Amino acid sequence: MPPTPAEIEFPQARQKRLAVRISDVQKKFGKGEQTVMALRGVSWDIAAQEVAMLVGPSGCGKTTLISVVAGILDADQGSVTIFGDDITAMSDRQKTRYRSFNVGFVFQQYNLLPALTAAENAAVPLIVQGVPRRKAIREATDLLGQLGLGKRVHARPSQLSGGQQQRVAIARALIHKPKILVCDEPTAALDHETGMIVMKLIRDMAVAADRAVIVVTHDNRIFSMGDRVAHMDDGHIDAVLDSSGHPIPATFAALEPAGP
Amino acid sequence: MGWIAIKMLTGDRAKFAGIVFGVAFAAALIMQQGSIFWGLMLRTSAQIYDLRGADLWVMDPSVTFIDDVKPMLERQLGIVRGVDGIQWAVPLYKGMARAKLSFNDKVTGKRVDVIEQVILIGLDDYSFVGEPASMFTGDIEDLRRPHSVVVDRVGLRKLFPRQGLNMIESPEALRSALSQVSGRNRAAVAMKAKASPAVDPPPTVAPTLPEGADDGSPVLFEMEMNERRAEVVGICNATRTFQSNAILYTTFSRAKEFVPRERKLLSYVLVKVQPGQSVEEVAARIKSQTGLAAITTDQFVEKTINYYLRFTGIPINFMTTVILGFFVGTAIAGQMFYSFTLENIRQFGALKAMGVGNLRIIGMVLLQAGLVGFLGYGLGVGGATLFGMANRGANSELAFYTHWYLLVLDATAIAVICVLASLLSILKVVLLEPAIVFRG
């Protein structure tokens with residue numbers, strides 16, 4: 001097949017598989033005069049095997065967008081598909097179940113359960129799926145070992161540093177091998193060096209052929225860790241830049257949607 | 001997810017202890033007040049159970065409870081005996097009398113005069129039907145002696161205030177102590193020898209025995225009732241009554257001498273039904289032939305308790321305390337539980353974001369509430385029981401009886417407390433937007 005115009009302009013696109021397609025998503029909050037348009041028809045394609053960063057000023061709609069993508073919030077219009085699965089067409093119950101198997105979260109404040117050990121925290125997604133506790137904790141212990149926390153698996157979050165807690169959160173986000181990893185300001189509570197370590201971990205551990213990684217961040221020091229950076233303002237995506245800073249299209253019309 | 005819920009709850013030990021305490025407080029208060037109430041109600045009818053041996057109590061139809069004596073003419077006894085199906089029928093006197101006595105106060109060394117209202121029970125002269133279940137010291141047969149009475153052990157506290165006689169555990173020690181405080185082995189011996197030398201030969205021991213020495217006489221001490229001498233020949237074990245007056249047992253004919261003379265002195269007739277006869281049928285026969293009421297022991301107990309429930313402030317006072325305890329427990333547990341939920345709201349949000357549905361979240365909260373309820377109930381009931389055990393005994397002032405109904409009632413109340421306490425928390429987490437976890 002001859003290359004498409006998009007593939008001519010972005011040769012690297014041909015090797016990538018479409019992971020997340022966000023099509024004309026709109027979301028508003030409030031009613032009447034107090035209506036706030038958080039998302040004004042956002043369209044964005046995210047490929048598998050890469051780190052997509054979403055940046056923008058406070059209140060521009062970044063959190064709303066990733067909430068819709070993760071199935072936590074309902075879009076008023078538009079659609080979101082993850083490896084061909086239409087999230088926006090699912091019921092609340094279906095979305096809850098979908099998240100438990102296919103979505104991983106890394107939060108700014110870690111949100112680890114303070115009463116659980118590092119291994120128990122990392123094992124939570126497997127336990128939510130119904131995996132027996134011992135098996136889940138065993139897998140979590142292995143994964144924490146890969147993340148350099150092998151000797152701290154029995155420590156509680158209060159006994160861990162910020163960087164260590166975030167690594168536990170990364171383990172928790174990846175243990176069930178989700179299709180999409182959503183990271184909300186993963187380095188905001190960390191110093192630069194630790195933040196870079198965390199981002200490197202995300203790149204090394206999270207990026208996979210069957211996974212998309214979205215990182216919402218203000219931290220321009222880590223922009224270089226992303227494969228593409230989408231700039232968002234006032235509810236829509238203004239521009240998408242590649243890792244070199246060159247503009248690229250937000251959507252890849254050339255890429256065929258991948259099935260489940 | 002259950003173990004996660006429990007770990008979340010027990011992770012904050014101070015808060016966990018506070019929630020459990022709130023529930024335990026309510027459980028203990030409900031159990032303790034309920035047991036005291038039940039114990040008091042049993043005391044109101046204690047004498048009915050103590051006067052054993054009869055199938056039926058025959059009385060004036062207007063009698064409402066055991067102490068509401070409506071005396072009958074003594075000839076009613078003969079009429080009752082004439083009813084078919086009755087094996088025997090005996091008279092019973094029950095009333096209040098005034099006892100006077102003197103004793104040597106062992107603390108001050110002075111002579112103390114006591115005038116006390118006592119409950120006087122007059123048993124059938126020959127059969128002693130209704131006699132005390134057991135004697136602490138002395139022989140019930142000594143009631144056949146002239147002037148003799150038997151006093152209940154707890155009643156010694158009222159007859160000999162501040163002497164601690166009711167706390168003495170050994171019969172011999174009690175006899176000695178009574179002899180000492182009453183000073184009877186000198187004065188009483190001399191008095192008896194002077195009063196009835198023919199009937200009761202004077203004891204062979206010299207009247208100059210040391211204080212507290214046993215002179216071999218069954219008479220423990222003496223008192224005066226209605227200007228008649230009463231010789232106490234035994235101390236019995238009787239259930240404490242509601243009024244806590246001393247109980248004196250004597251014969252029916254002697255009881256009539258100890259109280260002011262009236263035309264009607266027959267309080268009750270105790271009836272034994274012939275073997276093979278129906279108690280209900282005989283009761284109906286007595287009622288139709290004599291016009292008197294005839295009820296069983298259980299029916300009389302129920303009648304007495306109902307009277308106290310309906311016509312005294314006891315139920316409302318206890319119920320007020322129980323209800324207050326319920327609300328206080330709910331408030332403490334509810335407030336701390338809600339506070340715990342608020343402190344963990346981000347964690348609940350994270351769980352919801354990770355795919356834990358509302359039903360599972362509700363299950364987690366209810367499991368936490370259930371654990372708190374289980375522990376609080378156990379601690380509360382255990383604490384109340386220990387309280388009751390520490391204050392038990394015939395000499396105890398505390399009326400405490402734990403019926404199994406109370407355990408069920410308490411468990412139900414605690415379950416309601418836990419549900420109410422967790423309702424706000426459940427609402428909070430169910431309505432929680434998982435997107436909260438994305439906010440810094």
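For the structure itself, consult the block above.
All values reported here derive from a predicted model rather than from experimental measurement.

Quick notes on the rules
- Residues numbered from 1 in each chain as written.
- Chains lettered and ligands numbered in written order.
- Predicted model: local features only at pLDDT ≥ 70, side-chain atom pairs only at ≥ 80, totals over all residues.
- Helix = DSSP H or I, 4+ residues; strand = E, 2+ residues; numbered from the N terminus.
- Rg over C-alpha atoms; globule rule 2.2 N^0.38 Å.
- Contact = placed C-beta atoms within 7 Å.
- Pairing = 2+ DSSP bridges.
- Axes fitted to C-alpha atoms, helices over the stretch in contact; angles between N-to-C directions.
- Core = buried A, V, L, I, M, F, W, Y, C linked by C-beta atoms within 7 Å.
- Buried ≥ 20, exposed ≤ 12 C-beta atoms within 10 Å, placed from the backbone.
- Arc of directions from axis to C-beta.
- Nonpolar A, V, L, I, M, F, W, Y, C, P; charged D, E, K, R; others polar.

> Hey, could you run me through the overall build of chain A in this one?
What chain A contains, in helices and strands, is seven helices and 11 strands. In terms of C-alpha radius of gyration, chain A reaches 18 Å, essentially the compact-globule figure of 18 Å for 260 residues. Intrachain contacts of chain A at a sequence separation of at least 6 include 70% that bridge at least 24 residues.

> Sorry, what's going on with the sheet that holds strand E2 (residues 36-47) of chain A here?
Sheets are built from strands paired through backbone hydrogen bonds, the pairs being either parallel or antiparallel. Residue and element names in this part refer to chain A. Reading across from one edge, E2-E1-E4-E5 is the order of the four strands in this open sheet, with antiparallel pairing throughout. The outermost strands of the open sheet, each flanked by one partner alone, are E2 and strand E5 (85-86). The pairing of strand E1 (residues 18-29) with E2 spans nine bridges and is antiparallel. By the bridge assignment for E2, Phe-29 is matched with Val-36. Lying on the sheet, helix H2 (residues 62-69) is in contact with E1, E2 and strand E4 (77-82); it crosses E1 at an angle near 120 degrees.

> Help me out: how do you make sense of the sheet that holds strand E6 (residues 103-106) of chain A in this one?
Residues and elements named next belong to chain A. The strand order across the open sheet formed by seven strands is E6-E7-E8-E3-E9-E10-E11, and the pairing between neighbours is mixed. Of all the strands in the sheet, just E6 and strand E11 (247-248) have a single pairing partner and so form its edges. When strand E3 (residues 51-55) meets strand E8 (residues 212-216), the two strands line up parallel, connected through four bridges. The partner of Met-53 across the bridge, within E8, is Val-215.

> Sorry, what's going on with the nonpolar core here?
Looking at soluble globular proteins, one finds that nonpolar side chains tend to be buried together. Ranked by size, the top nonpolar core spans 129 residues in total, and within it Leu144(A), Ile214(A) and Val23(B) carry the most contacts. No other element matches the 11 residues that helix H2 (residues 13-44) of chain B contributes to this core. Aside from chain neighbours lying at most four places away, what touches Leu144(A) is Ala118(A), Ala119(A), Ala122(A), Leu149(A), Gly150(A), Val153(A), Val168(A) and Ala171(A). Counting residues in hydrophobic clusters, the runner-up holds 72 residues, among them Val83(B), Ala89(B), Leu92(B) and Leu143(B).

> What exactly am I supposed to notice about helix H1 (residues 2-11) of chain B here?
Given 3.6 residues to a turn, an α-helix orients residues that are three or four positions apart in the same direction. For H1(B), the set of buried residues is Ile4(B), Ala5(B), Met8(B) and Leu9(B). When H1(B) is viewed along its axis, its buried side chains cluster within an angular range of 135 degrees and face the same direction. Contacts from the buried residues of H1(B) go to helix H4 (118-129) of chain A together with H2, helix H12 (345-353) and helix H13 (358-390) of chain B.

> What is the right way to look at the interface of chain B and chain A in this model?
By convention, interface size is frequently given as the accessible area that disappears when the constituent parts associate. Each partner contributes to the interface: chain B provides 20 residues, whereas chain A provides 24 residues. Those elements giving two or more residues to the side of chain B that touches chain A turn out to be H1 and H12 of chain B. Counting residues per element, the side of chain B that touches chain A draws most heavily on H1(B), at six residues. When the residues that make up the side of chain B that touches chain A are grouped by side-chain class, the tally is 12 nonpolar, six polar and two charged.

> Where do I start with the pairing of strand E3 (residues 111-123) of chain B in this structure?
If a strand is regular, its side chains alternate between the two faces of the sheet. Residue and element names in this part refer to chain B. Alignment of strand E2 (residues 86-104) against E3, held across 12 bridges, turns out to be antiparallel. Bridged to Lys-94 within E3 is Ile-121. Where E2 hands over to E3, the hairpin turn is made up of six residues, of which Gly-109 adopts a positive phi near 80 degrees. Pairing of E3 with strand E8 (residues 246-251) involves six bridges; the strand directions are parallel. Opposite Ile-119, over in E8, you have Ile-247 as the bridge partner.

By themselves, these observations are geometric and do not establish any function.
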